[in-house]
Amino acid sequence: AEEVGGGDKEVVKEYFNNDGFQRWRRIYGETDDVNKVQLDIRVGHSKTVENVMKMLTDEGSLKGVTVCDAGCGTGSLSIPLAKEGALVTASDISAAMVAEAEKKAREELLKGKDELSPGLVMPKFEVSDLESLSGKYDTVVCLDVLIHYPQSKADAMIAHLASLAENRLILSFAPKTFYYSLLKRIGELFPGPSKATRAYLHAEADVERALQKVGWRIRKRGLTTTQFYFANLVEAVRA
Ligand code: SAM
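Per-chain numbering applies: the sequence of each chain, read as written, is numbered from 1 onward. Per-residue local features are limited, in this predicted model, to residues with pLDDT of at least 70; the limit for side-chain atom pairs, both in listing and counting, is 80 or more; totals at the level of whole chains, interfaces and linings are taken over all residues. Side-chain figures throughout are based on the complete set of non-hydrogen atoms in the structure, without hydrogens or water.

Asks: Help me understand the overall build of the chain in this model?
Replies: Secondary structure follows DSSP: runs of H or I at least 4 residues long count as helices, runs of E at least 2 residues long count as strands, and numbering of each begins at the N terminus. A count of helical and extended segments in the chain gives eight helices and seven strands. Within these notes, the globule rule equals 2.2 Å times the number of residues to the 0.38 power, and the radius of gyration is based on C-alpha atoms. Its C-alpha atoms give the chain a radius of gyration of 17 Å, near enough to 18 Å, the size a compact globule of 239 residues would have. Its C-alpha atoms give the chain principal-axis dimensions of roughly 50 × 45 × 30 Å. A 1.4 Å probe rolled over the protein chains alone gives each residue an accessible area, and that area as a share of the maximum for its type sets the label: buried under 20%, exposed over 50%, partly exposed in between. For the chain, buried positions account for 48% of its 239 residues. Residue-level accessible areas treat just the shown protein chains as cover; the underlying method is Shrake-Rupley with a 1.4 Å probe. Total accessible area on the chain stands at roughly 11800 Å², and carbon and sulfur atoms take up 54% of it.

Asks: Would you mind showing me how to read the sheet that holds strand β6 (residues 216-225) here?
Replies: Across a sheet, paired strands are connected by hydrogen bonds in the backbone, their directions being either parallel or antiparallel. Across the sheet, seven strands lie side by side as β3-β2-β1-β4-β5-β7-β6; this open sheet has mixed pairing. Edge positions in the open sheet fall to β3 (124-127) and β6, since each of these has one partner strand only. Taking each pair of neighbouring strands and ignoring which way they run, the sheet shows an average axis angle of 15°. Paired strands, as defined in this entry, are two strands with at least two bridges between them according to DSSP. The sheet contact formed by strand β1 (residues 66-70) and strand β4 (residues 137-142) spans three bridges and is parallel. Of the residues in β4, the one forming a bridge with D69 is V141. Contacting β4, β5 (165-173), β6 and β7 (230-238), helix α3 (residues 36-58) runs over the sheet at an angle of about 145° to β6. Axis definition: a line fitted to C-alpha atoms, limited for helices to the stretch in contact. Angles are taken between N-to-C directions and run from 0 to 180 degrees. Contact criterion: two residues are considered in contact whenever any of their non-hydrogen atoms come within 4.5 Å of each other.

Asks: Just checking my understanding: could you explain the nonpolar core for this structure?
Replies: Note that soluble globular proteins tend to have their nonpolar side chains buried in a common cluster. Counting residues in each nonpolar core, the largest one holds 27 residues, and the members touching the most others are L130, M157, L161, L171 and L211. At the level of elements, β1, β4, α6 (151-164), β5, α8 (204-213), β6 and β7 are the ones that each hand at least two residues to this core. The element contributing the most residues to this core is α6, with six residues. Residues V49, M53, V67 and V88 belong to the second largest nonpolar core, which totals 25 residues. Remark: nonpolar core denotes a set of buried residues (Ala, Val, Leu, Ile, Met, Phe, Trp, Tyr, Cys) joined through side-chain atoms within 4.5 Å.

Asks: Explain the site of the ligand here, please?
Replies: Around the ligand, the structure places 22 residues, and the nearest of them are H45, G71, D92, L143 and Y149. We call two N or O atoms a polar contact when they sit within 3.5 Å, provided that within protein one can donate a hydrogen and the other can accept it, with sequence-adjacent residues counted only if both atoms are side-chain atoms. Within the contact set of the ligand, a nitrogen atom lies 2.9 Å away from a backbone nitrogen or oxygen of L130. Interatomic distance of 2.8 Å between a backbone N/O atom of L143 and a nitrogen atom of the ligand. Examining the composition of the shell around the ligand, we find that three residues originate from one element, helix α1 (residues 7-17), more than from any other. Put simply, Ala, Val, Leu, Ile, Met, Phe, Trp, Tyr, Cys and Pro go in the nonpolar bin, Asp, Glu, Lys and Arg in the charged bin, and everything else, Gly too, in the polar bin. Residues belonging to the shell around the ligand are distributed by class as follows: 10 nonpolar, seven polar and five charged. We call a residue near a molecule or strand as soon as one heavy atom of that residue lies within 4 Å of the molecule or strand.

Asks: Whenever I open this one, the pairing of β4 confuses me. Can you help?
Replies: Within a regular strand, the side chains alternate between the two sheet faces. For β4, the tally of buried residues reaches six of six residues, placing the bulk of the element in the interior. By the bridge criterion, five bridges tie β4 to β5 in an arrangement that is parallel. Bridge assignment links C142 to a residue of β5, and that residue is L171.

Asks: What am I meant to see in the side chain of D144 here?
Replies: Along the chain, D144 turns up in the loop between β4 and α6. A positive count includes Lys and Arg, and a negative count includes Asp and Glu. His and the chain ends are not counted in either. Salt bridges, as used here, are contacts in which a Lys or Arg side-chain nitrogen is within 4 Å of a carboxyl oxygen on Asp or Glu. Of the side chains with opposite charge, R23 lies nearest to the buried D144, which makes no salt bridge, at 11 Å. Within the structure, D144 has its side chain in polar contact with the side chain of Y229 (distance 2.7 Å).

Asks: Help me understand the packing of α6 against α8 in this model?
Replies: For any two helices packed against each other, the geometry comes down to the angle between their axes and how far apart the axes lie. Where α6 contacts α8, the two axes come as close as 9 Å, and the packing angle between them is 40°. The angle between α6 and α8 falls in the class oblique. The crossing of α6 and α8 is right-handed. Counting all contacts with α6, which are made through Q151, D155 and I158, the residues of α8 involved are D206, V207, A210, L211 and K213. Just so you know how the angles are binned, under 35 degrees is roughly parallel, over 145 roughly antiparallel, 65 to 115 roughly perpendicular, and the rest oblique. It is the rotation of the near helix from the far one that decides the hand of a crossing: anticlockwise by less than a right angle makes it left-handed, clockwise makes it right-handed.

Asks: What's the story with the environment of V12 in this structure? I'm lost.
Replies: Topologically, V12 is positioned in helix α1. Residue classification places V12 among the buried residues on the basis of a relative accessible area of 11%. Separated by 81 residues in the primary sequence, V12 and I93 place their C-alpha atoms 8.6 Å from one another.

Asks: Please clarify how α8 should be interpreted in this entry.
Replies: Given 3.6 residues to a turn, an α-helix orients residues that are three or four positions apart in the same direction. When we look at burial in α8, the residues that qualify are V207, A210 and L211. Axial view of α8: buried residues confined to an arc of 100°, hence all on one face. Directions from the helix axis toward the C-beta atoms define the arc.

Below is the structure:
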């Protein structure tokens, strides 16, 4: 059934504080306790992170640029952004994810030292659903979170993120293409032990329309595919 009220969001939050946290922490980590599918997703996801870093750094240095990483997970993007000198505000609905991201950021940015290298700033971590975020950032990024939103809620979510961004909004989402829809159907027919929460795919045209409605246009597009990971990437700017 389509979710009613905030039902879906509570389920997502509960999942990413428990089973989902354990599963995704491994996928987004470096240890070898992952199966073949999870390893494939790890590789795909890291390509998305690389593509985003390229999109952002191609436009100039990130030193001192404010970035909101909405739905930051374990900090896969926040940490490389901070390494480039960006002023990162990283948030996630899951307290477990935020704690893990904070721990990893300390490890990777401090590397056992007491102080950060000059010009680098530790990301500011917060537990927050993205609907509650406020403020203004040069750039807002939201990677692989739209999968938790049905299209009926995605428009409002995109509009809210755009309202926080002064210059750029970067979104990634699982594309609604025939092949991937089919794969998802197969996944639903044969749910494995680590079956995820409900996944929603999005057509690029729907995301584009949602952006256009609030006065934004897509400037760059990207696509990452591995065997089990698919992500469309869009960078939007004010039209
Ligand atoms: N963006 C991270 C990355 O690419 O590494 C994490 C992606 S992970 C698949 C999805 C994340 O979105 C989870 O950490 C989950 O807790 C978070 N999330 C889901 N719904 C959210 C919401 N409404 N507000 C904030 N975070 C949310």
